[in-house]
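Results of the structural survey
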Amino acid sequence: MTDNTASITLPVGVEQIRQLLPHRYPFLLVDRVIEIVPEQSVVTLKNVTINEPFFNGHFPGHPVMPGVLLVEAMAQSAGLLTQISARMKGGSASALFYLAKVDNARFNAPVVPGDQLRMEVRLKRLLRSMGLFEARTLVDGKEVASCELMCAARSEK
């Protein structure tokens, strides 16, 4: 991974996101970072299209984005918050965080092709190598999903 992300400017597009996160197609679920308050909060976007591979089987004739992928998109947004915050402080890549726990997940409305997801993630607290995040996803200003995420930093051996 090349480190030309030391200077972060908004919006952060998909090419820079690919330098910040290890995820790749078909599992990169964030297209853009539009707002960030380092070490506090981030707002990201995902454009949902009929070309998403999961729509082939979920559900034929009635495409709905799986809830677990909404949670993953929020978790990737939390990862972007930690990675961008580290770079904005002048550091390099921070430790990779893995999803450790999901609490209070709620799904209020289906997400379908043509929707634009707005993920809003706030860091509640960071203790040693654990981060607790509050996350929600909106479509057209309406909350479609929310949860609390616990992520743990893992050093590569």
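Residues numbered from 1 in each chain as written. Predicted model: local features only at pLDDT ≥ 70, side-chain atom pairs only at ≥ 80, totals over all residues. Heavy atoms only, no water.

1. Considerations on the overall build of the protein chain
The secondary structure content of the protein chain amounts to two helices and six strands. In sequence order, the secondary structure elements of the protein chain are arranged as α-β-β-α-β-β-β-β. Taking 2.2 N^0.38 as the reference for a compact globule, 157 residues should give roughly 15 Å; the C-alpha atoms of the protein chain span a radius of gyration of 15 Å, in line with that estimate. Based on the C-alpha atoms only, the size of the protein chain along its principal axes is roughly 50 × 35 × 30 Å. Here the analysis covers contacts within the protein chain between residues at least 6 apart in sequence; of these, 59% occur between residues at least 24 apart. (Helix = DSSP H or I, 4+ residues; strand = E, 2+ residues; numbered from the N terminus. Rg over C-alpha atoms; globule rule 2.2 N^0.38 Å. Contact = heavy atoms within 4.5 Å.)

2. What to know about the sheet that holds strand S1 (residues 32-37)
The strand order S1-S2-S4-S5-S6-S3 describes an open sheet built from six strands, whose pairing is antiparallel. Bordering the open sheet on either side are S1 and strand S3 (96-107), each of which pairs with just one other strand. Recorded for the sheet is a direction-independent mean angle of 20 degrees between the axes of neighbouring strands. (Pairing = 2+ DSSP bridges. Axes fitted to C-alpha atoms, helices over the stretch in contact; angles between N-to-C directions.)

3. Brief notes about the layout of surface pockets
Reported here for the largest pocket is a volume of approximately 240 Å³. Lining of the largest pocket is provided by 17 residues; of these, His23, Ala75, Phe97, Tyr98 and Leu99 occupy positions nearest its centre. When residues of the lining of the largest pocket are traced back to their parent elements, those giving at least two are helix H2 (67-88) and S3. For the lining of the largest pocket, the leading source of residues is H2, giving seven residues. Looking at the lining of the largest pocket residue by residue, the class counts come to eleven nonpolar, five polar and one charged. (1 Å grid on protein atoms, 1.4 Å probe; cavity = no way out; pocket = protein on both sides within 12 Å on 5 of 7 lines; lining within 4 Å. Points joined across faces, edges and corners; volume = space filled by probe spheres on them. Nonpolar A, V, L, I, M, F, W, Y, C, P; charged D, E, K, R; others polar.)

4. What to know about the UniProt feature "active site" (unreviewed entry) in the protein chain
Per the UniProt annotation, the sites labelled "active site" (unreviewed entry) are His58. Looking at the secondary structure, you find His58 in the loop between strand S2 (41-47) and H2. Apart from residues lying up to four places away in sequence, His58 is in contact with Pro63, Val64, Met65 and Pro66. (UniProt positions renumbered as here; feature names shortened; annotations may be inferred.)

5. Details of the pattern of salt bridges
A complete count under the given rule lists nine salt bridges for this structure. The closest approach of N and O atoms between Glu134 and Arg122, which form a salt bridge, is 3.1 Å. Here Arg122 lies in strand S4 (residues 116-127) and Glu134 lies in strand S5 (residues 130-139), a separation of twelve residues in the sequence. Its relative accessible area of 34% is what places Glu134 among the partly exposed residues. Residue classification places Arg122 among the partly exposed residues on the basis of a relative accessible area of 37%. Overlapping salt bridges, with partners in common, bring together Glu35, Arg118, Glu120, Arg136 and Glu143 in one network. (Salt bridge = Lys/Arg side-chain N within 4 Å of Asp/Glu carboxyl O. Buried < 20%, exposed > 50% of the residue type's maximum accessible area, 1.4 Å probe, protein only.)

6. Some remarks on the pairing of S1
Sheet topology note: the S1/S2 ladder contains five bridges and is antiparallel. Following the sheet pairing, Val33 is matched in S2 by Thr44. Joining the antiparallel neighbours S1 and S2 is a turn of three residues, in which Glu39 adopts a positive phi near 65 degrees.

7. Here we look at unusual backbone geometry
Looking along the chain, the bond that leaves Leu10 and enters Pro11 is cis, with omega of -5 degrees. A positive phi angle is found at Glu39, which is not glycine, with a value near 65 degrees. For Glu39, a relative accessible area of 42% puts it in the partly exposed group. The backbone of Asp140 shows a phi angle near 55 degrees, a positive value even though the residue is not glycine. Secondary-structure assignment places Asp140 in the loop between S5 and strand S6 (142-154).

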